[in-house]
Amino acid sequence: MKTIFRYLTLTAFGLCLLETADAAPSKKKKKASVFPNVELAADKVDGVKAAAEAGDAEALRKLGHYYMQQAQDVKGRECFLKAAEAGDAEARAWYALALYYQHNRSPQGEKLALEQALISAEAGNLMGMYFSGLFGHKDDEFACKWLEKAAKGGFAPAMRVLAWKMQLESVGASERERKKFLALYDKAMKSGDITSVHAGTGKSGYIFDRFPYARTNRLLRQSIELAKKRSLCWYDTCFDFNFPLDRFAHGAAKYYLVILGYKSLELAADKEKNKMDICTRNRKELYDYLEKQAEMGDPAACHAIVSLIELPHLFWSCRPDVSFSNPDKSYWRQKAEALKKTAPPLYRKLRYPF
């Protein structure tokens, strides 16, 4: 593997070990750069459609998201492409992602997506740079070049992926090199990247191996609260992990990230004397939350419950005496399918683990 660190000098990033994510905020507030809210309010649709018909590129991009949210993928891709051809570099990046999913994450889809993402990246769009790094992952030097550009521009998911790549290369490296990727993880966390809290491939990266339990618990719970605010979006978890993944599994991004938060809480408690009490309390808290969301009519919560019933080994490292009030997965499957009939069309794309 070609070395990554040639791109990642302290001079290039101006990095020093940053303050941790739960530090007091600076008086000078900088807008976090994670990814935009793509939902379009119902009372705005007609106006956006009119502007799009008149050739407005930004309106075309917004309309593309609207159609993707309605599970009308063909129309969505067409709008993204028209906006891209009208000069909207961000729309080009979204078109790249839509192509990737259209081709079911195949090598051909990855190739087509990379071609479009690169056009967006070369036009200066941070999201295009990020996607160029993800879809171009087979060439580390190429991927890191674009991830570095996106990270320097303030795009938090790129910071996390870059930190992860640096960490993979840093096994046995000096403390100075370790501080580089930890600083990037921390900066990504402060910019709103949820999964940076769970990041790492070993004890030199996981947050629960870096900080005392009380602080780790606080940071993880902050990430859980951020995850709970996520809505179902057509792009799902593509900004949350280090590779483009399939969509809508385990209750999609909102519930999958909440579950990961509780999984990390369990790992963080590993050395606590009352570990089982902590895990029992946290597990009950999660199960009660999911059941409440399901009873409020969210089919995605039902999918998350099915995942936890079918695949406990995927998430949990211990077995406290806690279960759902109804541990019958067929009940939750039936409830999910009933709720999907009246839910927005995108909910029909939710997937079960198997």
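All figures in this text were calculated on a predicted structure; none of them were measured in a lab.

Parameters and conventions
- Along every chain, residues carry numbers that run from 1 in the direction the sequence is written.
- Totals for whole chains, interfaces and linings use all residues, but because this is a predicted model, local features are given only for residues with pLDDT of at least 70 and pairs of side-chain atoms are given and counted only at 80 or more.
- Only hydrogens and water are set aside; all other atoms, that is, all heavy atoms of the structure, feed into the side-chain values.
- Side-chain rings of Phe, Tyr and Trp, where Trp is taken by its six-membered ring, are said to pair if the distance between their centres is within 6.5 Å; with planes under 30 degrees apart they count as stacked, over 60 as edge-to-face, and otherwise as tilted.
- Secondary structure elements are taken from DSSP: a helix is a run of H or I of four residues or more, a strand is a run of E of two residues or more, and numbering for both begins at the N terminus.
- Throughout this description, buried means an accessible area under 20% of the type-specific maximum (1.4 Å probe, protein chains only), exposed means over 50%, and partly exposed covers the range between.
- When the NZ atom of lysine or the CZ atom of arginine is within 6 Å of a ring's centre and also within 35 degrees of its normal, the charge is said to sit over that ring.
- To estimate how far a helix should reach, multiply one less than its number of residues by 1.5 Å.
- What qualifies as a polar contact is a pair of N or O atoms within 3.5 Å, subject to a donor-acceptor requirement within protein and to the restriction that residues adjacent in sequence count only when both atoms come from side chains.
- Fitted lines through C-alpha atoms give the axes, limited to the stretch in contact for helices. The angle between two N-to-C directions lies from 0 to 180 degrees.
- In these notes the angle categories are as follows: under 35 degrees is roughly parallel, over 145 is roughly antiparallel, 65 to 115 is roughly perpendicular, and the rest is oblique.
- Here a crossing is taken to be left-handed if its near helix is turned anticlockwise relative to the far helix by less than a right angle, and right-handed if that turn runs clockwise.
- Every residue pair with non-hydrogen atoms within 4.5 Å of one another is taken to be in contact.
- Residues belong to one nonpolar core when they are buried, are Ala, Val, Leu, Ile, Met, Phe, Trp, Tyr or Cys, and are joined through side-chain atoms within 4.5 Å.
- Any carboxyl oxygen of Asp or Glu within 4 Å of a side-chain nitrogen of Lys or Arg constitutes a salt bridge here.

Chemist: So what's going on with the packing of aromatic side chains? Residues and values would help.
Modeler: Under the definition given, this model contains 23 aromatic pairs. Relative to tryptophan 234, the ring of phenylalanine 80 has its centre 5.9 Å away and its plane inclined at 35 degrees; by these criteria the two rings are tilted. A residue pair is termed long-range when its members are at least 10 positions apart, and phenylalanine 80 in helix 4 (residues 73–85) and tryptophan 234 in the loop between helix 11 (213–228) and helix 12 (252–268) qualify at 154 residues. An identical accessibility class is assigned to phenylalanine 80 and tryptophan 234; each is buried. Relative to phenylalanine 239, the ring of tyrosine 235 has its centre 5.3 Å away and its plane inclined at 80 degrees; by these criteria the two rings are edge-to-face. The same class applies to tyrosine 235 as to phenylalanine 239, namely buried. Connected via pairs of aromatic rings, a cluster forms that spans Phe80, Trp94, Tyr100, Tyr101, Tyr130, Phe131, Phe135, Phe155, Trp234, Tyr235 and Phe239. The ring of tyrosine 289 has lysine 228 lying over it, and the distance from NZ or CZ to the ring centre is 4.3 Å.

Chemist: Give me helix 10 (residues 175–190): which residues, what numbers.
Modeler: A rise of 1.5 Å per residue sets the reference length of helix 10, with its 16 residues, at 22 Å; its end C-alpha atoms lie 22 Å apart and thus fit the reference within 8%. Considered for burial, the residues of helix 10 that qualify are Glu177, Lys180, Phe181, Leu182, Ala183, Leu184, Tyr185, Asp186, Ala188 and Met189.

Chemist: How would you explain the side chain of glutamate 266 if you had to name every residue and give the values?
Modeler: In this structure, glutamate 266 sits in helix 12. At 2.8 Å, the side chain of glutamate 266 forms a polar contact with the side chain of arginine 283. A polar side-chain atom of glutamate 266 sits 3.2 Å from the main-chain amide nitrogen of cysteine 318.

Chemist: Mind laying out the packing of helix 13 (residues 275–295) against helix 14 (residues 299–310), listing which residues take part and the relevant values?
Modeler: Across the interface, helix 13 lies against helix 14 with an axial gap of 8 Å and an inter-helix angle of 140 degrees. When the axis of helix 13 is compared with that of helix 14, the two are oblique. Crossing handedness for the pair helix 13 and helix 14: left-handed. Contacts between helix 13 and helix 14 involve Leu286, Tyr287, Leu290, Glu291, Gln293 and Ala294 from the former and Ala301, Cys302, Ala304, Ile305 and Leu308 from the latter.

Chemist: Quick rundown of the nonpolar core? Include the residues and the values.
Modeler: Taken as a class, soluble globular proteins show a tendency for nonpolar side chains to be buried jointly. In terms of nonpolar packing, the biggest core is built from 93 residues, with Tyr130, Phe131 and Trp234 touching the most fellow members. Considering each element in turn, this core owes the most residues, 11 residues, to helix 12. If we ignore the near neighbours within four places in the chain, the residues touching tryptophan 234 are Val38, His65, Met68, Gln69, Phe80, Trp94, Leu97, Ala98, Tyr101, Arg247, Phe248 and Leu346.

Chemist: Tell me about the packing of helix 7 (residues 126–135) against helix 8 (residues 140–152), and name the residues and values.
Modeler: Contact geometry of helix 7 with helix 8 gives a least axis separation of 7 Å together with a crossing angle of 155 degrees. In terms of orientation, helix 7 lies roughly antiparallel with respect to helix 8. Seen from above, helix 7 lies across helix 8 with left-handed handedness. Every residue of helix 8 that contacts helix 7 at Leu126, Met129, Tyr130, Ser132, Gly133 and Leu134 is listed here: Phe142, Ala143, Trp146, Leu147, Lys149 and Ala150.

Chemist: How would you sum up the pattern of salt bridges? Please name residues and give values.
Modeler: On inspection of all chains with the given rule, the structure shows 20 salt bridges. For the salt bridge of glutamate 285 with arginine 221, the shortest nitrogen-to-oxygen distance reads 2.7 Å. Residue glutamate 285 is located in helix 13, and its partner arginine 221 is located in helix 11; the two are separated by 64 residues in the primary sequence. Of the residues examined, glutamate 285 reaches a relative accessible area of 33% and is grouped as partly exposed. With relative accessibility at 26%, the residue arginine 221 sits in the partly exposed group. With its nearest N and O atoms 2.8 Å apart, the salt bridge here joins arginine 230 to aspartate 240. A residue pair is termed long-range when its members are at least 10 positions apart, and arginine 230 in the loop between helix 11 and helix 12 and aspartate 240 in the loop between helix 11 and helix 12 qualify at 10 residues.

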